[in-house]
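Structural characterization, general
Below are the chains, spelled out letter by letter.
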Amino acid sequence: MKNSKKDTKAKSGGKKPQNTARNTIKEIHRQKNTPKQQSAPKEKTTNKTKNKSNGQAFINFIKARETHTAFGIFLILFSIYLLFAFFSYLKNWQTDDNAVQSGLSIIFDSSVTIQNGMGKLGAILGYIFVKQWFGIGAFLMLIFFTNSGLLLLRIKIISFFESILYLLGTTLWLSVFMSAIFTRPDAMIWGGLFGQQIRLWLSSVVGNFGLVVLLLLVFVIYVAALFGFKLHEIKLRKWPTSEKKEADSEETDSKKLIIDDVYTHEKEIDPVKIENEKMVVEHEFERHEKDVIAVDEEKVDLNKANDINFDLSEEIHTNKEYKNADQNVDFVIESQIHQQSNEKIEETDVETAHYGINTLFDPLLELSQYKIPPTSLLIDRGDGESKVSREELEHNKNRIVETLANYDIKISKIKATIGPTVTMYEIVPAPGVRISRIKNLEDDIALSLAALGIRIIAPIPGKGTIGIEVPNQQRETVSLRSLLESERFTETSAELPFAMGKTITNEPFVADLAKLPHLLIAGATGQGKSVGLNAIICSLLYKKHPSQLKFVFVDPKKVELAMYSRIDKHFLAKLPDEEEAIITDVNKVISTLTSLTQLMDSRYDLLKNAGTKNIIEYNRKFTERKLNPENGNHYMPYVVLVIDEFADLIMTAGKEVELPVARIAQLARAVGIHLIVATQRPSVDVITGKIKANFPARIAFKVSSKVDSRTILDSNGADQLIGQGDMLYSHGSTVLRLQCAFVDTPEIEDITNFIGDQQGYSSAFELPEPVNQNDGTGKDTDLKTVDKLFSDAARIVVMTGQGSTSLLQTKLTIGFARARRIIEQLEMAGIVGPPQGSKPRDVLVGNLELLEQFLKNLE
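Residues numbered from 1 in each chain as written. Predicted model: local features only at pLDDT ≥ 70, side-chain atom pairs only at ≥ 80, totals over all residues. Heavy atoms only, no water.

So, the overall build of the protein
Per the secondary structure count, the protein includes 24 helices and 17 strands. Considering the protein as a whole, with its 859 residues, one finds that 46% of them fall into the buried category. Sequence separation of at least 24 residues holds for 69% of the intrachain contacts in the protein that already meet a minimum separation of 6. If you sum the accessible surface of the protein, you get close to 45300 Å²; carbon and sulfur atoms cover 55% of it. (Helix = DSSP H or I, 4+ residues; strand = E, 2+ residues; numbered from the N terminus. Buried < 20%, exposed > 50% of the residue type's maximum accessible area, 1.4 Å probe, protein only. Contact = heavy atoms within 4.5 Å. Areas by Shrake-Rupley, 256 points an atom, 1.4 Å probe, with all protein chains shown as cover.)

Overview of helix H19 (residues 706-713)
Looking only at H19, the buried set comprises Asp708, Ser709, Thr711, Ile712 and Leu713. End-on, the buried residues of H19 take up no more than an arc of 165 degrees, which puts them together on one face. (Arc of directions from axis to C-beta.)

Notes on unusual backbone geometry
Proline 459 follows alanine 458 through a cis peptide bond whose omega is -10 degrees. You can see proline 459 is positioned in the loop between strand E5 (455-457) and strand E6 (466-471). Positioned with a positive phi, asparagine 506 is a non-glycine residue whose angle comes to about 65 degrees. Tracing the sequence through the fold places asparagine 506 in the loop between strand E7 (497-502) and strand E8 (508-512). Classification of asparagine 506 by relative accessible area gives buried; the value is 5%. One non-glycine residue, arginine 625, adopts positive backbone phi at about 60 degrees. Residue placement: arginine 625 occurs in the loop between helix H15 (615-623) and strand E12 (638-643). You can call arginine 625 exposed: its relative accessible area is 55%.

What about the nonpolar core?
Within the largest apolar cluster, 112 residues are counted, with the highest numbers of intra-cluster contacts made by Leu519, Phe551 and Tyr564. Counting residues per element, this core draws most heavily on helix H14 (residues 586-610), at 10 residues. Apart from residues lying up to four places away in sequence, phenylalanine 551 is in contact with Ile537, Leu540, Leu541, Phe571, Leu572, Ala573, Val640 and Val642. (Core = buried A, V, L, I, M, F, W, Y, C linked by side-chain atoms within 4.5 Å.)

Section: the packing of aromatic side chains
Throughout the structure, instances matching the rule amount to 18 aromatic pairs. Measuring from ring centre to ring centre gives 6.0 Å for phenylalanine 71 and phenylalanine 74, while their planes differ by 25 degrees; the resulting arrangement is stacked. With phenylalanine 71 and phenylalanine 74 both in helix H2 (residues 65-100) and 3 residues apart, the pair spans about one turn of that helix. Judged by centre distance (5.1 Å) and plane angle (55 degrees), the rings of phenylalanine 87 and phenylalanine 139 are tilted. In this pair, phenylalanine 87 sits in helix H2 while phenylalanine 139 sits in helix H4 (residues 138-152), placing the two residues 52 residues apart along the sequence. Among the residues examined, phenylalanine 139 registers a relative accessible area of 19% and is labelled buried. An aromatic cluster of at least three residues, connected via ring pairs, comprises Phe86, Phe87, Phe129, Trp133, Phe134, Phe139 and Phe194. Here the guanidinium or amino end of lysine 543 rests over the ring plane of phenylalanine 489, the centre of that ring lying 5.4 Å away. (Phe/Tyr/Trp six-rings, centres within 6.5 Å; stacked < 30°, edge-to-face > 60°. Lys NZ or Arg CZ within 6 Å of the ring centre and 35° of its normal.)

Looking at the pattern of salt bridges
Under the definition given, this model contains 25 salt bridges. A salt bridge links lysine 588 to glutamate 578; the nearest nitrogen and oxygen atoms lie 3.2 Å apart. Here the residue lysine 588 occupies a position in helix H14, and glutamate 578 occupies one in the loop between strand E11 (573-574) and H14, the gap between them amounting to 10 residues. Notably, a salt bridge pairs arginine 795 with aspartate 792, separated by 3.5 Å at the nearest N-O pair. Note that arginine 795 and aspartate 792 are positioned in helix H21 (residues 790-800) at a spacing of 3 residues, about one turn of the helix. Using a relative accessible area of 36% as the deciding quantity, one classes aspartate 792 as partly exposed. The structure contains a network of salt bridges with shared partners spanning Arg455, Glu469, Asp726 and Arg737. (Salt bridge = Lys/Arg side-chain N within 4 Å of Asp/Glu carboxyl O.)

Considering the sheet that holds strand E10 (residues 549-554)
Strand order in the open sheet formed by 9 strands is E8-E7-E16-E15-E14-E9-E13-E12-E10, and the pairing between neighbours is mixed. Only two strands of the sheet have a single neighbouring strand rather than two, namely E8 and E10. Across this sheet, the average inter-strand angle for adjacent strands is 25 degrees, counted without regard to direction. Bridge analysis of strand E15 (residues 726-731) against strand E16 (residues 734-740) gives 6 bridges, and the strand direction is antiparallel. Within E16, the residue paired with aspartate 726 across the bridge is glutamine 739. The strands that H19 touches are strand E9 (519-522), strand E14 (697-700) and E15; relative to E14, the one it contacts most, it runs at about 155 degrees. (Pairing = 2+ DSSP bridges. Axes fitted to C-alpha atoms, helices over the stretch in contact; angles between N-to-C directions.)

Focus on a nonpolar patch on the surface
A surface patch of nonpolar side chains, about 650 Å² in accessible area, is lined by Trp201, Val205, Val206, Leu214, Leu217, Val218 and Ile221. Inspection of the secondary structure assignment puts valine 205 in helix H6 (residues 192-238). (Patch = residues over 30% accessible without salt bridge, like charges linked within 9 Å, V, L, I, M, F, W, Y side chains within 5 Å.)

Quick look at the packing of H21 against helix H23 (residues 816-828)
Running from N to C, H21 and H23 point in directions that differ by 75 degrees, and their axes come no closer than 10 Å. One way to sum up the angle between H21 and H23 is to call them roughly perpendicular. Contact with H21, carried on its side by Phe790, Ala793, Ala794 and Val797, involves Ile822, Gln825 and Leu826 of H23 and no other residues of that element. Taken together, the residues of the contact of H21 with H23 sort by class into 6 nonpolar, 1 polar and no charged. (Parallel < 35°, antiparallel > 145°, perpendicular 65-115°, else oblique. Nonpolar A, V, L, I, M, F, W, Y, C, P; charged D, E, K, R; others polar.)

Some details on the side chain of arginine 455
Considering the arrangement of structural elements, one finds arginine 455 in strand E5. Those residues in contact with arginine 455 that lie beyond four places of it in its chain are Glu442, Gly467, Ile468, Glu469, Gly717, Gln720, Leu728 and Arg737.

Topic: the pairing of E14
A two-sided burial pattern is seen for E14, the buried positions comprising Ala697 and Ile699 on one face and Arg698 and Ala700 on the other. Bridge count for E9 against E14 is 4 bridges, and the pairing is parallel. Across the sheet, leucine 519 pairs through a bridge with alanine 697, a residue of E14.

A word on the environment of phenylalanine 134
Mapped onto the secondary structure, phenylalanine 134 falls in helix H3 (residues 119-134). A relative accessible area of 14% means that phenylalanine 134 is categorised as buried. C-alpha separation for the pair phenylalanine 134 and tryptophan 173, spaced 39 residues apart in sequence, amounts to 9.4 Å. Beyond its immediate sequence surroundings of up to four residues, phenylalanine 134 is in contact with Phe129, Met141, Thr171, Leu172, Ser175, Trp190, Gly191, Gly192 and Phe194.

Quick word on the pairing of strand E3 (residues 411-418)
By the criterion of burial, E3 is predominantly enclosed, with 6 of the 8 residues buried. Strand direction decides the pairing type here: E3 and strand E4 (residues 422-429), joined by 7 bridges, are antiparallel. Its bridge partner being in E4, lysine 415 is matched across the sheet by glutamate 426. Where E3 folds back onto E4 in an antiparallel hairpin, the turn is made up of 3 residues.

Regarding the side chain of aspartate 555
The residue aspartate 555 is located in the loop between E10 and E11 in this model. Although aspartate 555 is buried, it makes no salt bridge; lysine 557 carries the closest opposite charge, 6.3 Å away. (Lys, Arg positive; Asp, Glu negative; His and termini not counted.)

The following block contains the structure:
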């Protein structure tokens, strides 16, 4: 029994190692096979990814604008080549057909001679298009090819669908029609083989007479289909029912109110408060995408901060965590590039352009053929790509963290928002850190970053963060074209919208001058003030019809606004009997301001009689024909007064300019008169309290001192800008940093030439004749109450032989206003003649003896 048990154990013990070895071998095989099975899907995934990337690259190539341009030019040149080839074929087809029938092989056969002026290829193409296909109708194919090429070049004459309907349909009909007229075999060239085959088939079905009737019937139906809808629309416009008029008017008003409410709501939102979507940034920031990198600092010493690497190829919402030895800091890099609207402002008829008024009386009908300028007149300077590198962002972040750490200031998070000119680093301080400590380190941070224009916003309104604005090493040029083509500008319902630039988040900034209602622009020489002024004017020209807007330009420097004289019969307003619409003389400025106050008062009288509160309600009533024109009512265009150098006017005219400007700024908003005042000397004596109180919207370019910044904005910041269009926009409690849009002089000239070449009004818009008050400054001056220096001034004028205000200012050391009153008194007394523009007045008294006798008689 014992032996049997031992034998059993031995047998069982011998089997165990065998089973174990087999299991081990199976396990090894299984492990070897497992990676192969897992690697197969990876390889398939890689191949699919490559295929997708190749397909996407091909799609991008097809969609590229360069591809469209190249193919469009090819189609136009090909159409020109075919045109000459067809004409030459019609002349030489009898001699070339025998050779051409051999096919493309004749191209390589040097023994074959062709009479076609465009060579063997021209003869082959003429044979195919003209004889084998459509005959004379082939010439319409050339128009189809040319229109397709123009569409690829962004030049629209008719749409692609319309070209198929109009041109190809006419080609087929013309081929059959010509074959029906020329039925001889040797005349097949006129209708082509295609037309001949269709004619023979139709003749066998309906007969020759039926073929003629069928062709005429198709022609009538075709013409009716093309033009019937337009006739139908005209009929509907002519005979609308009264119920439909009221319904349409109510619907239009309700839609406009809704749009205005939405626009007002959007304007109240501070663009700085908008939290952008976080996405990971690629090495080159792609256009039309919002990219964000969210990364935490690695847990290393501050001296090793440069060793931190960011993986920019992570998927969306994927974070890499890095921790600092002293503190945990989250670093978020945010770049937002907004997609522009593909809709471009093309040359559009006024009937189809949207100007906001579409009722019974249409003020646009006076210039019904007016077209707004196309944006193709402007240069697209920027590609929309951020020029800030990852290394620059990382370097600035490390320097800021290191500088704050040197002063024992802890922070918990940094977020970088990339703009066209500056990058905003938003810092979230650790609990217990006082904001004033970070604010006081402004110069230290600027020193560590070795950069100018560092600005600290502590705190950012509406956020629990502190903003540090650092200029980019390579700034982006913001073109006006990109703003005018943006959805924010093209789809706005504002009355007087203007595109000023881009915010720090790369968003187009569009404001409504009608709601500001006046704008004060200040900045040192060469910092972008005149460019910003031109951007505002061009924006308004791209949005309004000449019947809806008029400009009054005051240009003491005589060169800044001179380029707009080309559009005087479209958009400019002037005093009666004045030759130049752009005002450069100080005397005329005072008269113009007086005329504008009279216009303002007369418009308020019209509003009072009409029972309306503002220009929008009044114009709506007038267009609905609820106001009688015989009672003096008329359509009111907006009037925008643009003063380029206000400091010069204040220096020469003083109160005579300041008081009417302040009065217009106080009252003129409701009647559609708005001011844009620019100056390069923002001192207290120029921008007085009366001016500032009535200009809630202000734009500050770079200035030289903090005093000037506080004069414009009531706060510091403008002295820390970096120039070249970098500006601060202030409206109410909102202060935004913008990069001004750039528009060059040749672009403005192209716009003004495009407008000036169109039909305009017979003359510029005339302002009311200014009425001078009987205060010693007008024609009714009483010579019994002349100035005390009248006699001295008369002797100076007679002795020097010339009469001018500047001469009296110099000789008598008096101000401009008093010298002007004296020279007008001399004119009334007959001592000097009337003004002659920039020339001195003529002296009418020959010598001092006659003058002394006149003065005795005057006493």
